[in-house]
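Summary of the model geometry
Here is how the chains run, residue by residue.
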Amino acid sequence: MRPEHPRRGTHPGTGQVLVRVHASSLNARDLFMLDGRYPVPPGRVPLSDAAGVVEATGPGTTRFAVGDRMVNSFNPLWFGGPQRTPGQNHHTDIYGWLAEYVVIDEQLLVPMPAHLDFIEAATLPCAAVTAYSALEGVGPGDTVLVQGSGGVSLFALQLARAAGARVIATTSSEKKAARLRELGASDVINYRDTPNWGAEVRRLTNDQGADIIVEVGGAGTITQSIAAVAYRGVISLVGHVAFDTTGMSLLDFTYSGATLRAIGGGSRSDLEDMNRVITAHQLRPVIDRVFPFEEALDAAAHLASGAHFGKVVISH
Ligand SMILES: NC(=O)c1ccc[n+]([C@@H]2O[C@H](COP(=O)([O-])OP(=O)(O)OC[C@H]3O[C@@H](n4cnc5c(N)ncnc54)[C@H](OP(=O)(O)O)[C@@H]3O)[C@@H](O)[C@H]2O)c1
């Protein structure tokens, strides 16, 4: 099924709902679109993540009623199971969520976890589901390594702790290290003071290494991740915030016995499963700062500064 592009206007058609958007959130990918690194057709409404209320339903809708609170699924064409083809995305391929009202196919939405407000729920579609996918298979007694204190990494920390895993984090400052410990990291390594942090992860784990590494750095951090990963562990390749041209050692990677798994967000089913975990553990997303709708560009500049800890959100 190929959902139609969300219609402009306020009258939902067959299978569609009208959503009053209350909040949207920013991800690193939004910066790439703003500065031209990801090409986007002109005039396309930005942002991939939002929460709001259904204000009207079109003929034949079954998933939502007027008044229901919703979040959108990040990948509009991926409903469950393995992803067979690269997805479409809000903003790049279809209209995004920096809008007061959106008319959209109800199949692209899921109910919000009841204990969250709109600001919190708007952070779930991209960063949280990506962290959930990156942690596939995590369980009690595992060690998870998360890099930095951005959106994906903090969700990975919270979800890994909820699964009973130990979490080791890296970050750039002592202030952020203290907050990572408050969230449940057993150990935090400053990657500026300790550039060879892979060896430190091995020391902290009695030379066992981390079972799952949520790799948000990419080329600039993967050499340390290979040093840090447990034999037959998994490096979930999520992002590329640490640019580097030296590349990874494929020989060291082979000796690690590890699996390098490319992550591409998650399906609607992953979002629903993750929301059950978030609800069961009453997890609350870490919100760094909320900007009013008119200051959306300031919100992007704040995210680009790297000063944030957790999610940057826009209130509509
Ligand atoms: N594959 C997917 O499906 C998917 C989905 C979502 C995001 N992503 C990608 O994942 C990455 C993170 O996204 P995000 O939205 O979480 O970004 P974000 O909120 O902007 O967080 C970026 C954080 O990375 C940390 N960082 C920067 N350089 C680092 C380094 N050398 N080592 C360790 N940490 C470093 C910084 O935290 P500290 O200041 O604490 O160091 C920074 O706050 C981006 O590349 C994004 O494009 C991919």
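Residues numbered from 1 in each chain as written. Predicted model: local features only at pLDDT ≥ 70, side-chain atom pairs only at ≥ 80, totals over all residues. Heavy atoms only, no water.

Observations regarding the overall build of the protein
Worth spelling out the cut-off: To qualify as a helix, a DSSP run of H or I must reach at least 4 residues; to qualify as a strand, a run of E must reach at least 2; elements of each kind are numbered from the N terminus. Atoms counted for the radius of gyration: C-alpha only. Globule rule: 2.2 Å times the number of residues to the power 0.38. Buried means the residue's accessible area, taken with a 1.4 Å probe over protein chains only, is under 20% of the maximum for its type, while exposed means over 50%, and partly exposed covers the values in between. The criterion used for residue contact is that any of the two residues' heavy atoms lie within 4.5 Å. Only the protein chains shown count as cover for residues, with accessible areas throughout obtained via the Shrake-Rupley method and a probe of 1.4 Å. Neither His nor the chain ends is counted toward charge; the positive residues are Lys and Arg and the negative residues Asp and Glu. In plain terms, the charge of a residue is placed at NZ if it is Lys, CZ if Arg, CG if Asp and CD if Glu.
A tally of helices and strands in the protein yields 10 helices and 13 strands. Relative to the globule expectation of 20 Å for 316 residues, the C-alpha radius of gyration of the protein, 19 Å, shows essentially globular dimensions. Taken over the C-alpha atoms alone, the protein extends approximately 60 × 35 × 35 Å along its principal axes. With 316 residues in all, the protein has 55% of them scored as buried. A fraction of 69% describes how many contacts in the protein between residues 6 or more apart in sequence connect residues 24 or more apart. Surface accessibility of the protein: about 13,700 Å² in total, with carbon and sulfur atoms responsible for 52%. Measuring between centres, the 26 positive side-chain charges of the protein sit 1 Å from its 31 negative side-chain charges.

Thoughts on empty space enclosed by the protein
Defined as follows: Buried and open spaces are told apart on a 1 Å grid over the protein atoms alone, a cavity being a set of points where a 1.4 Å probe fits but cannot get out and a pocket being an open set with protein on both sides within 12 Å along at least five of seven lines. Residues with an atom within 4 Å of a point are the lining residues. Grid points are joined across faces, edges and corners, and a volume is the space filled by probe spheres set on the points.
All chains considered together, the criterion is met by 1 cavity of 30 Å³ or more. The computed volume of the largest cavity comes to approximately 40 Å³. If you go around the largest cavity, the residues you meet are Phe 155, Gln 158, Leu 159, Ile 278, Leu 283, Arg 284 and Pro 285. When residues in the lining of the largest cavity are grouped by element, the largest group, 3 residues, is from helix H4 (residues 151-162).

Some details on the site of the ligand
Threshold: For this purpose, a residue is taken to be near a molecule or strand whenever a single non-hydrogen atom of the residue falls within 4 Å of it. Contacts described as polar in this section are N or O atom pairs within 3.5 Å, which, within protein, must combine one atom able to donate a hydrogen with one able to accept it, while residues neighboring in sequence count only if both atoms come from side chains. Any residue outside Ala, Val, Leu, Ile, Met, Phe, Trp, Tyr, Cys, Pro, Asp, Glu, Lys and Arg is labelled polar, Gly included; the first ten of those are nonpolar and the last four are charged. Domain boundaries shown here were taken from an automatic or database domain assignment.
In the vicinity of the ligand lie 27 residues, with Ser 149, Thr 171, Tyr 191, Ile 263 and Gly 265 positioned nearest. In this structure, Ala 28 approaches the ligand through a main-chain N or O atom, which is 3.3 Å from an oxygen atom. Val 238 has a polar backbone atom sitting 3.0 Å from a nitrogen atom of the ligand. For the ligand, whose free accessible area comes to 930 Å², the fraction covered by protein is 87%. Taken together, the elements giving at least two residues each to the shell around the ligand come down to helix H1 (28-34), helix H3 (124-134), H4 and strand S7 (166-171). In the shell around the ligand, the residues fall into 10 nonpolar, 16 polar and 1 charged. Each of domain 1 (16-123 + 285-315) and domain 2 (129-262) gives at least three residues to the shell around the ligand.

Description of the nonpolar core
The condition that has to hold: Remark: nonpolar core denotes a set of buried residues (Ala, Val, Leu, Ile, Met, Phe, Trp, Tyr, Cys) joined through side-chain atoms within 4.5 Å.
By size, the foremost hydrophobic cluster in this structure holds 47 residues, and its most contacted members are Leu 124, Leu 135, Val 144, Val 146, Leu 180, Val 214 and Met 274. By residue number, the principal contributor to this core is H4, which donates 7 residues. Leu 124 has contacts with Pro 113, Leu 116, Val 129, Phe 155, Leu 271, Met 274, Asn 275, Ile 278 and Pro 285, leaving out every residue within four places of it along the chain. Counting residues in each nonpolar core, the second largest holds 15 residues, with Ala 210, Ile 213, Ile 235 and Phe 253 among its members.

As for the layout of surface pockets
When its volume is computed, the second largest pocket comes out at roughly 180 Å³. Among the elements of the structure, H3 and strand S11 (259-262) are those that each provide at least two residues to the lining of the second largest pocket. Grouping the constituent residues of the lining of the second largest pocket by class yields 4 nonpolar, 4 polar and 3 charged.

Description of the packing of H3 against helix H9 (residues 268-280)
Counted only if it meets this: Angular values range over 0 to 180 degrees, each being the angle between N-to-C directions of two axes fitted as lines to C-alpha atoms, with helices fitted over their stretch in contact. Note on terminology: angles under 35 degrees are roughly parallel, angles over 145 are roughly antiparallel, angles of 65 to 115 are roughly perpendicular, and the others are oblique.
Taken N-terminus to C-terminus, the directions of H3 and H9 make an angle of 85 degrees; their axes are 10 Å apart at the nearest point. By the criterion of interaxial angle, the relationship of H3 to H9 is roughly perpendicular. Contacts from Leu 124, Ala 128, Val 129, Tyr 132 and Ser 133 of H3 reach H9 at Asp 270, Leu 271, Asp 273, Met 274, Asn 275, Val 277 and Ile 278. Considered class by class, the residues forming the contact of H3 with H9 number 8 nonpolar, 2 polar and 2 charged.

Let's talk about the side chain of His 316
Residue position: His 316 is located in the segment after strand S13 (311-315). Of the polar contacts made by the side chain of His 316, one reaches the side chain of Ser 24; its length is 2.7 Å. Engagement of the side chain of His 316 in a polar contact is seen with the backbone oxygen of Ala 99, the distance being 2.9 Å. Every residue in contact with His 316, bar those within four places of it in the chain, is listed here: Arg 20, Val 21, His 22, Ala 23, Ser 24, Trp 97, Leu 98, Ala 99 and Phe 293.

Some remarks on unusual backbone geometry
Phi is positive for Leu 47, which is not a glycine, with a value near 80 degrees. Tracing the chain through its elements places Leu 47 in the loop between H1 and strand S2 (49-57). Positive phi, close to 55 degrees, is recorded for Asn 206, a residue that is not glycine.

Here we look at the sheet that holds strand S9 (residues 210-215)
What counts is decided by this rule: Strands are labelled as partners when DSSP assigns at least two bridges between them.
Read across the sheet, 6 strands follow the order S8-S7-S6-S9-S10-S11 without closing on themselves; strand pairing throughout is parallel. With partners counted over all chains shown, the strands left at the sheet margins are strand S8 (187-190) and S11, one partner each. Here the strands of the sheet are splayed against their neighbours by 20 degrees on average, with no regard to which way each runs. The pairing of S7 with S8 spans 4 bridges and is classified as parallel. Of the residues in S8, the one forming a bridge with Thr 171 is Asn 190.

Describing the domain arrangement of the protein
The criterion, for reference: Buried area: the accessible surface (1.4 Å probe) lost by two parts on joining, summed over both. Counted as salt bridges are all cases of a side-chain nitrogen of Lys or Arg within 4 Å of a carboxyl oxygen of Asp or Glu.
The domain architecture assigned to the protein consists of domain 1 (16-123 + 285-315) and domain 2 (129-262). Taken over C-alpha atoms, the centre of domain 1 sits 27 Å from the centre of domain 2. Contacts between the two partners involve 10 residues from domain 1, matched on the other side by 11 residues from domain 2. Here domain 1 packs against domain 2, burying approximately 900 Å² in sum over the two surfaces, 69% of which is carbon and sulfur. Across the contact surface, domain 1 and domain 2 share 0 salt bridges. Grouping the constituent residues of the side of domain 1 that touches domain 2 by class yields 4 nonpolar, 4 polar and 2 charged.

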